[in-house]
Amino acid sequence: MLVNGNDILLKAREGHYAVGAFNVFDFGCVDAVLGAAEATNTPVIAQILDWHPSGNFGSRPQEEVKMFMDMLIYRAKLSPVPVCIHLDHCQTYEGCIRAIKYGATSVMLDASMKPFEENIALTKKVIEAAHACGVTVEAEIGHVDGHDGDTTGKLYTTPEQAKEFYAATGVDSLAVAVGTVHGVYAEEPKLQYDLISELREAIPAPLVMHGGSGLSPEQYKECVERGITKINFATYMLLAGGKGISDKVAENNAAGKGNNFIDLYPEGVKAMKEIVMEHIGYFQTKPIA
Ligand SMILES: [Zn+2]
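Calculation rules
Residues numbered from 1 in each chain as written. Predicted model: local features only at pLDDT ≥ 70, side-chain atom pairs only at ≥ 80, totals over all residues. Heavy atoms only, no water. Axes fitted to C-alpha atoms, helices over the stretch in contact; angles between N-to-C directions. Helix = DSSP H or I, 4+ residues; strand = E, 2+ residues; numbered from the N terminus. Parallel < 35°, antiparallel > 145°, perpendicular 65-115°, else oblique. Left-handed = near helix turned anticlockwise from the far one by under 90°. Contact = heavy atoms within 4.5 Å. Nonpolar A, V, L, I, M, F, W, Y, C, P; charged D, E, K, R; others polar. Donors = N, O, S within 2.8 Å, 3.2 Å for Na, K, Ca; no water. Buried < 20%, exposed > 50% of the residue type's maximum accessible area, 1.4 Å probe, protein only. Phe/Tyr/Trp six-rings, centres within 6.5 Å; stacked < 30°, edge-to-face > 60°. Lys NZ or Arg CZ within 6 Å of the ring centre and 35° of its normal. Expected span 1.5 Å × (residues − 1). Polar contact = N/O pair within 3.5 Å; in protein donor to acceptor, adjacent residues only side chain to side chain. Salt bridge = Lys/Arg side-chain N within 4 Å of Asp/Glu carboxyl O.

Enquirer: Could you clarify how one ought to interpret the packing of helix α2 (residues 27–40) against helix α3 (residues 62–78) in this entry?
Expert: When two helices pack together, their arrangement is captured by the angle between the axes and the distance separating the axes. Contact pair α2 / α3: the axes reach a minimum separation of 11 Å and the direction vectors enclose 15°. Considered as vectors, α2 and α3 are oriented roughly parallel to each other. Note that α2 runs across α3; the crossing there is right-handed. Between α2 and α3, the contacting residues are Phe-27, Val-30, Asp-31, Leu-34, Gly-35 and Glu-38 on the first element and Phe-68, Met-71, Leu-72, Arg-75 and Ala-76 on the second. Classifying every residue of the contact of α2 with α3 gives seven nonpolar, one polar and three charged.

Rendered as structure tokens:
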């Protein structure tokens, strides 16, 4: 069933577990992510991007985006588990509105690079429009490093900032910088567990961890117990899918067999589904009743 962010995350916050938010780029990713949620009978968040020429993550023809969204929504509605379709990392009001038009049930307005007051003003503007459509909003304060060309450096979210931001916006969920980075980890992340506890205490909105792929099972456990409610996971899922395919290619080559796309592609999907299921376990996502 198709639901919004609050439908999933408020329950999770109360139940002290986290829900994974996995980025989907094509129907194989959708099959892997929703398939993993269905196999574990757990709620899930499928994340899309603002694939528009003015978006911050590469563009696609808008007809193609609409077709993909139509399929994703249809698939989500057929699912027996709650599925939220969430726009990840959108830097503009316009991008959030586009995603709502395409049928997203949750959007992230990422104005964390802007001055604090501008972040508040833009977040409020997006909330006003999104809430009118029953769509929930995630915002970010502090800064999670690591996207291409992003060399801002770590900037942890403080409880005072979180309180002030929440009081001013009433945002539904908040992405906080607590020591993770986007992409592949070059060195062990320095997670600020006490800060997570303080942030949970500071605001009633669910806390979101970006750069959430590549941590150890123990690190996830501690983050979830301290108060992280949504964990964004993309990089290592995509790498697992690539490895699933390359392993099959190596196996075929060793056996002197040809490599047929029809046989290779499902190996990638299968590997992504497996890593997603594994992480649903690490995130302690509670099965639906
Ligand atoms: Zn992120």
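Enquirer: I would appreciate a short explanation of the coordination of the zinc ion in the present structure.
Expert: A metal bound by six donors in octahedral fashion has ideal angles of 90 or 180 degrees, whereas one bound by four tetrahedral donors has an ideal angle of 109.5 degrees. Surrounding the zinc ion are the protein donor atoms His-89 (NE2), His-182 (NE2) and His-210 (ND1), at 2.0 to 2.1 Å. Donor residues binding the zinc ion come from one chain and are separated in sequence as H-x92-H-x27-H. Here His-182 is found in the loop between β7 (173–176) and α7 (193–202), whereas its partner His-210 is found in the loop between β8 (207–209) and α8 (217–226), with 28 residues between them in sequence. Since its relative accessible area comes to 10%, His-182 is described here as buried.

Enquirer: Would you explain the packing of aromatic side chains in this entry?
Expert: For the coordinates displayed, the defined rule picks out nine aromatic pairs. Between Tyr-220 and Tyr-282 the ring centres are 6.0 Å apart and the planes differ by 10°, which places this aromatic pair in the stacked class. Here the residue Tyr-220 occupies a position in helix α8, and Tyr-282 occupies one in helix α10 (residues 261–282), the gap between them amounting to 62 residues. Joined through ring pairs, the aromatic side chains of Phe-22, Tyr-220, Phe-233, Tyr-282 and Phe-283 make up one cluster. For the cation-ring pair, Arg-60 lies above Trp-51, with the distance from its terminal atom to the ring centre recorded as 4.2 Å. The aromatic ring of Tyr-93 is capped on one face by Lys-125, whose charged end is 4.3 Å from the ring centroid.

Enquirer: Explanation requested: the packing of helix α9 (residues 235–254) against α10 in the structure shown.
Expert: For the pair α9 and α10, interaxial distance at closest approach is 7 Å and the crossing angle is 140°. Considering the angle they form, α9 stands oblique to α10. Crossing hand, α9 versus α10: right-handed. Residues Tyr-236, Met-237, Leu-238, Ala-240, Gly-241, Gly-244, Ile-245, Lys-248, Val-249 and Asn-252 of α9 lie in contact with α10, whose contacting residues are Leu-264, Glu-267, Gly-268, Ala-271, Met-272, Ile-275 and Val-276. Looking at the contact of α9 with α10, its residues break down into eleven nonpolar, four polar and two charged.

Enquirer: Looking at this structure, how should I read α10?
Expert: One turn of the α-helix equals 3.6 residues, which is why residues spaced by three or four share an orientation. Helix length check: α10, at 22 residues, gives a terminal C-alpha distance of 32 Å against a target of 32 Å (1.5 Å per residue), a fit within 8%. Of all the residues in α10, the buried ones are Leu-264, Gly-268, Val-269, Ala-271, Met-272, Ile-275, Val-276, His-279 and Ile-280. Lining the buried residues of α10 we find β2 (19–23), α2, α8, β9 (228–233) and α9. The N-terminus of α10 is capped by Asn-260, whose side-chain oxygen sits 2.9 Å from the backbone nitrogen of Ile-262. One or two steps after α10, the chain reaches Gln-284, where phi turns positive at roughly 60°.

Enquirer: Which parts of the structure should I look at to understand unusual backbone geometry?
Expert: What is expected of a backbone is that most residues other than glycine have negative phi and most peptide bonds are trans. In this structure, Asn-41 takes a positive phi of about 55° despite not being glycine. Mapping Asn-41 onto the fold places it in the loop between α2 and β3 (44–48). Backbone geometry at Gln-284 places phi at a positive 60°, although glycine is not the residue there. Summarising the element assignment, Gln-284 is placed in the segment after α10. Residue Gln-284 is classed as partly exposed on the basis of its relative accessible area of 30%.

Enquirer: Can you help me understand the environment of Glu-198 in this one?
Expert: For Glu-198, the location among the structural elements is in helix α7. Under the relative-accessibility criterion, Glu-198 is labelled partly exposed at 42%. Counting along the chain gives 36 residues from Glu-198 to Ala-162, while the straight-line C-alpha distance between them is 10.0 Å.

Enquirer: Help me understand the pattern of salt bridges, please; the structure alone is not making it clear to me.
Expert: Side chains that carry opposite charge are capable of pairing whenever their charged atoms lie near each other. Enumeration according to the criterion identifies twelve salt bridges in this entry. Ionic pairing is found between Arg-98 and Asp-50, a salt bridge with its closest N-O pair at 3.0 Å. Residue Arg-98 is located in helix α4 (residues 93–102), and its partner Asp-50 is located in the loop between β3 and α3; the two are separated by 48 residues in the primary sequence. A salt bridge links Lys-221 to Glu-225; the nearest nitrogen and oxygen atoms lie 3.1 Å apart.

Enquirer: Would you mind showing me how to read the environment of Pro-204 here?
Expert: Within the element layout of this structure, Pro-204 appears in the loop between α7 and β8. Not counting the four nearest positions on each side in its chain, Pro-204 is found in contact with Arg-13 and Tyr-166.

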